[in-house]
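Read off the chains here:
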Amino acid sequence: MHLVTSDAMQKIEQHLCQQYGIDTLLLMENAGKNVANEALSILKEKNLKQVIILCGGGNNGGDGLVAARQLLSVSSAYPVTVYLLANPEKLKKDPLYNYRVLKNTSARIIEVASVKDIEIYPQSLVIDALLGTGLSKPVTGLYRETVEKINSARDVFVLSVDVPSGINATSGAVMGSSVKADYTVTLGLPKRGLFVFPAREYTGKIKVADIGIPIILQEAFPIKDILITPHLIIEYLPERNPDVHKISAGVVGVIAGSPSMLGAGILASLGAYCAGAGMVVWPLPFSAASLVKIHLPEVVTPLVESTQAQRYYMPSVAEFLGKNFAERKCRSLIIGPGLGVSPATSFFVEKIVQASSHIGGVIDADALNCIAGERQLWKGRLSGWIITPHHGEAARLLGSSPKEVAENRFEAVKQLADYFQCIAVLKGPATLIADPSGNIFVNPTGGPELATAGSGDVLSGVIAGILAQTGKHLESAICGVFLHGLAGDMLARNKKEITAKEIAYQIPAAKKVVRDGQYRIPFMDGD
Ligand SMILES: NC(=O)C1=CN([C@@H]2O[C@H](COP(=O)(O)OP(=O)(O)OC[C@H]3O[C@@H](n4cnc5c(N)ncnc54)[C@H](O)[C@@H]3O)[C@@H](O)[C@H]2O)[C@H](O)CC1
Ligand SMILES: [K+]
């Protein structure tokens, strides 16, 4: 599903009006009618008594004025009160027209000078039409007080028009303060910011309303942001042929672990198996291999020589390992979990990535920190690889700070993919995946339960496991992130404390839910 920024939406709207000669008034009418229809079904379902509509001075407010008229025209069962936070004489063209028409109906219209003028009764449906895509600065003064009044009202349901007022429709940030809605009817095309955090905690159920923007016009605009839906994932799920054997099912090679962090590699290997890989090959010194066998006897552990107490891999073995992975028919690799960071490890990472770039795969964790230490050297040189940083690692890779990354996640993931010419997975709430062409995919699955030690190692394994089966980098990253999040969501229905191992073991069940067509995005109405 394509997502739009505020700018793109405005351009599409302008184009529609110029190219087709459609009046913006018609779009506002369609918007208001959709809001009224949704409002009516909520009023009935929740057995509410009246409607309170809060309108700002722009077109979002105009949508609210149309909704008021449309509601009154289809039902007299619900009294409608409109609070207008603007001087009617200063309204823009379309809201002014609709204000004048609404004056001729039975709606109560109150001009708000102070928040005390607003009364929100229990058992009301509150329609928030204060601010939409035109939000350009933090919400302050009367608007902020009104937002806070809506949020503190008890025994009401809140429906936001287009976006909850105060949410930046492009980035998903809260601009000072935002309405917390139970429902959001987003108009024409879904706004990108609604699908990431913190906005996702403010939208309630999101419904996309058709306001008459022709599909052909939507396609004419190069939209680069995409919400990952189950329809997309069904196409990316790896399928096993009946005549498959363990090698043709997909072999994953692993370079992971150090004496103090062996578990990371075990979890990554487990993730790969649970995602359907036929075999996992993890070269290790004898002592480490014996430990791995106890926990995961399925892993094949060719022996490597290490003369160091602190690390398993010497730079001198990199070339041999690269060749060995190819001979063993590895179709993807996982490099990084638990490797540790030291100059020698950085040198090893450089050599192993070069020696196995014909295979490619996932670079994660400590290998990312090694790469970050020499970021200029790696510019444009990770094609064929998928990187999976969290905010801290992403900041090091970009030479910025975790705060900057957290505040500009869309930009950060795009820059990573562009700078290194790879697929970039920026982990965190609503994980983002970018390719070097600038496409960004927003993941709807996963929650705070995934924030548990080893969860990222499992994710690397799942992505590499899918890649070994399909050979498709972007698709494997998208599918892996989605299934990993869904596995977490499924586990979280029963308990909030989940472990990384459980996430891995849940992957097959998550796959089945998608394959059986049973998955619906929980915060969306329709799909
Ligand atoms: N794009 C479409 O196809 C359609 C959009 N519709 C609706 O229109 C709004 C966008 O309308 P716009 O007039 O551009 O902006 P807003 O109503 O969101 O904002 C109005 C006004 O408010 C001022 N402002 C900005 N920030 C603040 C702030 N923090 N506090 C107070 N005031 C603020 C700013 O000057 C703006 O002019 C879109 O969301 C849809 O709901 C249509 O009606 C249908 C077609
Ligand atoms: K709004």
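Parameters at a glance
Residues numbered from 1 in each chain as written. Chains lettered and ligands numbered in written order. Predicted model: local features only at pLDDT ≥ 70, side-chain atom pairs only at ≥ 80, totals over all residues. Heavy atoms only, no water. Phe/Tyr/Trp six-rings, centres within 6.5 Å; stacked < 30°, edge-to-face > 60°. Buried < 20%, exposed > 50% of the residue type's maximum accessible area, 1.4 Å probe, protein only. Pairing = 2+ DSSP bridges. Helix = DSSP H or I, 4+ residues; strand = E, 2+ residues; numbered from the N terminus. Contact = heavy atoms within 4.5 Å. Axes fitted to C-alpha atoms, helices over the stretch in contact; angles between N-to-C directions. UniProt positions renumbered as here; feature names shortened; annotations may be inferred.

Another point: the packing of aromatic side chains. Two descriptors summarise a pair of aromatic rings, namely the distance from one centre to the other and the angle between the planes of the rings. Taken as a whole and judged by the stated rule, the model has five aromatic pairs. Ring geometry for Tyr419 against Phe420: centres 4.8 Å apart, planes inclined by 75 degrees, an arrangement best described as edge-to-face. The residues Tyr419 and Phe420 share a single accessibility class, namely buried. Put simply, the rings of Tyr312, Tyr313 and Phe348 pair up and form one aromatic cluster.

Let us look at the sheet that holds strand β11 (residues 279-281). Spatially, 10 strands are ordered β1-β9-β17-β16-β15-β14-β13-β12-β10-β11 in an open sheet, and the strand pairing comes out mixed. The two strands at the open ends of the sheet, each matched to only one other strand, are β1 (2-3) and β11. For strand β10 (residues 251-255) and β11, the ladder comprises three bridges, and the chain directions are parallel. When the sheet's bridge partners are listed, Val251 is paired in β11 with Met279. Each of β10, β11 and β12 (330-335) is contacted by helix α8 (residues 263-274), which is oriented at about 155 degrees to β11, the strand it contacts most.

Next up on the list: the UniProt feature "binding site: AMP" (unreviewed entry) in the protein. Cross-referencing UniProt, the feature "binding site: AMP" (unreviewed entry) maps to Lys427, Gly428, Pro429, Ala430, Thr431 and Gly456 in the present numbering. These residues run over 30 residues, yet every pair of their C-alpha atoms falls within 14.2 Å of each other. Tracing the backbone through its elements, the reader meets Pro429 in the loop between β15 (423-426) and β16 (432-434). Apart from the residues within four sequence positions on either side, Pro429 is in contact with Phe197 and Arg409. Within the fold, Gly456 resides in helix α17 (residues 455-470). Classification of Gly456 as partly exposed rests on a relative accessible area of 21%. In this view, Gly456 contacts Asp364 and Lys427; residues no more than four positions away in its chain are not counted.

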